[in-house]
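Chain and residue survey
So the chains spell out like this:
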2 protein chains.
Amino acid sequence: MSTSLDRLIETTQALLWERGYAGTSPRAIQEQAGVGQGSMYHHFRSKAALAQAAEERSAAELIEEVRQLLDGPGDPLDRVLAYLRLERDILKGCRIGRLAADPEVVADHSLRKPLEDTFAWISTRLTGLLQEAQAGGQLQQGLDPRLLAATVLAVRQGGYVLARAASSTVPYEQAVEGLTALLTARRT
Amino acid sequence: MSTSLDRLIETTQALLWERGYAGTSPRAIQEQAGVGQGSMYHHFRSKAALAQAAEERSAAELIEEVRQLLDGPGDPLDRVLAYLRLERDILKGCRIGRLAADPEVVADHSLRKPLEDTFAWISTRLTGLLQEAQAGGQLQQGLDPRLLAATVLAVRQGGYVLARAASSTVPYEQAVEGLTALLTARRT
């Protein structure tokens, strides 16, 4: 039995993922959550405050999912490649990255921060694994792990954009395969 | 002296880039274009029809910009790298790619088609240049130019997402530098 607070946050998570911030109205949240206006504003002073809570929960869930993969078995480079290939619902896009399209999110520090923090966390973890891979001779020397971590993140985020534009998962899969081939080209 | 038709299209191009499809109201278009409701619906039967015209003009402008660069001087791989580094207003994102975040755009074939066609055009041209680069020995053998073309496109699109999330051009630049290092690692 979920509380009205939980239902508000979960509904807002789903609506933000599908429609973004501008496209998510307080009325749609209330209707889908089955929660009245008074109850919503009892829990959250504004749509922005509720959206921030929903973003923070989505970010925590995404980080937990990625953490399990990056801390999993296999050598460091394989774990980076597994992250790159991590299958979610590709045509749905990234629950965090898609919010960067919203001007209101980008302009508001509290709404933007969960996005920045999530990508920074993943980037730091990827950098560490790529450093390990280099030390272990799986990744060629002379490449900067910090830059490659940004490339890995960008290929996933951009892959979602290309897939949605084509209404097909193919461009996403091609972009990931292309980067995988480059990262493993000199594997010893 | 621009016509009301031109002003409608140019205003819609700017609003779609900044706010996306859901965030662009007919009223905002009319106000910013200085064109009345009657005149707008004289030219276009719906917001979707006007948006499609604006998308098609944005796509044509983007393709012309990319064409000049990809047909420009320099060896084939350098032209691909120049495309990757092409500086626009990074924090503004891609005028075409940002629309893939909009569920209404992705769900409507006429609104989605300019996005798909633009990325397909760029991808085909990049694939050709990467094939030339391979034939000329600038790019290592064994890599699939079609996959790498998707990777190049994805790094740009994802770089915009990361930059907007961080409110900084740095993640974009890092992602591009990372891919550049990988593409040139075996340069002969």
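Procedures and definitions
Residues numbered from 1 in each chain as written. Chains lettered and ligands numbered in written order. Predicted model: local features only at pLDDT ≥ 70, side-chain atom pairs only at ≥ 80, totals over all residues. Heavy atoms only, no water. UniProt positions renumbered as here; feature names shortened; annotations may be inferred. Helix = DSSP H or I, 4+ residues; strand = E, 2+ residues; numbered from the N terminus. Least-squares fit on C-alpha atoms with pLDDT ≥ 70 in both. Contact = heavy atoms within 4.5 Å. Buried area = accessible area lost by both parts, 1.4 Å probe. Salt bridge = Lys/Arg side-chain N within 4 Å of Asp/Glu carboxyl O. Polar contact = N/O pair within 3.5 Å; in protein donor to acceptor, adjacent residues only side chain to side chain. Core = buried A, V, L, I, M, F, W, Y, C linked by side-chain atoms within 4.5 Å. Buried < 20%, exposed > 50% of the residue type's maximum accessible area, 1.4 Å probe, protein only.

Glancing now at the UniProt feature "domain: HTH tetR-type" (unreviewed entry) in chain A. Here, the residues flagged by UniProt with the feature "domain: HTH tetR-type" (unreviewed entry) are residues 2-62 of chain A. Regarding residues 2-62 of chain A, the helix share stands at 77% and the strand share at 0%, and the terminal C-alpha atoms are separated by 21 Å.

This paragraph deals with the relation of the copies chain A and chain B. Rotating chain A by 180° and translating it 0.0 Å along the rotation axis places it on chain B, where the RMSD comes to 0.0 Å. Read as a symmetry element, the transformation amounts to a two-fold axis. Among all C-alpha atoms of chain A, that of G158 of chain A lies closest to the rotation axis, at 1.8 Å. When the interface residues of chain A are mapped onto chain B, 100% of them again lie at the interface, so the same face is used by both copies.

Bringing the interface of chain A and chain B into the picture now. Interface extent is often summarised as the accessible area lost during association of the parts. In this assembly, 43 residues from chain A lie in contact with 43 residues from chain B. Counting the surface lost from both chain A and chain B, the interface buries some 3600 Å², and carbon and sulfur atoms represent 69% of this. When the buried surface of chain A facing chain B is broken down by residue, R164, A165 and L182 of chain A rank first, second and third, together holding 17% of it. Seen at the junction of chain A and chain B, the total is zero salt bridges. Scanning the region where chain A abuts chain B turns up 14 residue pairs in polar contact (both at pLDDT 80 or more). For the side of chain A that touches chain B, the elements supplying multiple residues, two or more each, are α1 (4-19), α6 (103-107), α7 (109-135), α8 (145-166) and α9 (170-184) of chain A. Sort the elements by how many residues they give to the side of chain A that touches chain B and α8 of chain A lands first, with 16 residues.

For the rest of this paragraph, the subject is the nonpolar core. Note on soluble globular proteins: their nonpolar side chains tend to be buried together. L126 and L183 of chain A together with L126 and L183 of chain B are the most contacted members of the largest nonpolar core, which totals 117 residues. The residues contacting L126 of chain A, other than those within four sequence positions of it, are L70, V80, Y83, A149, V152 and L153 of chain A.

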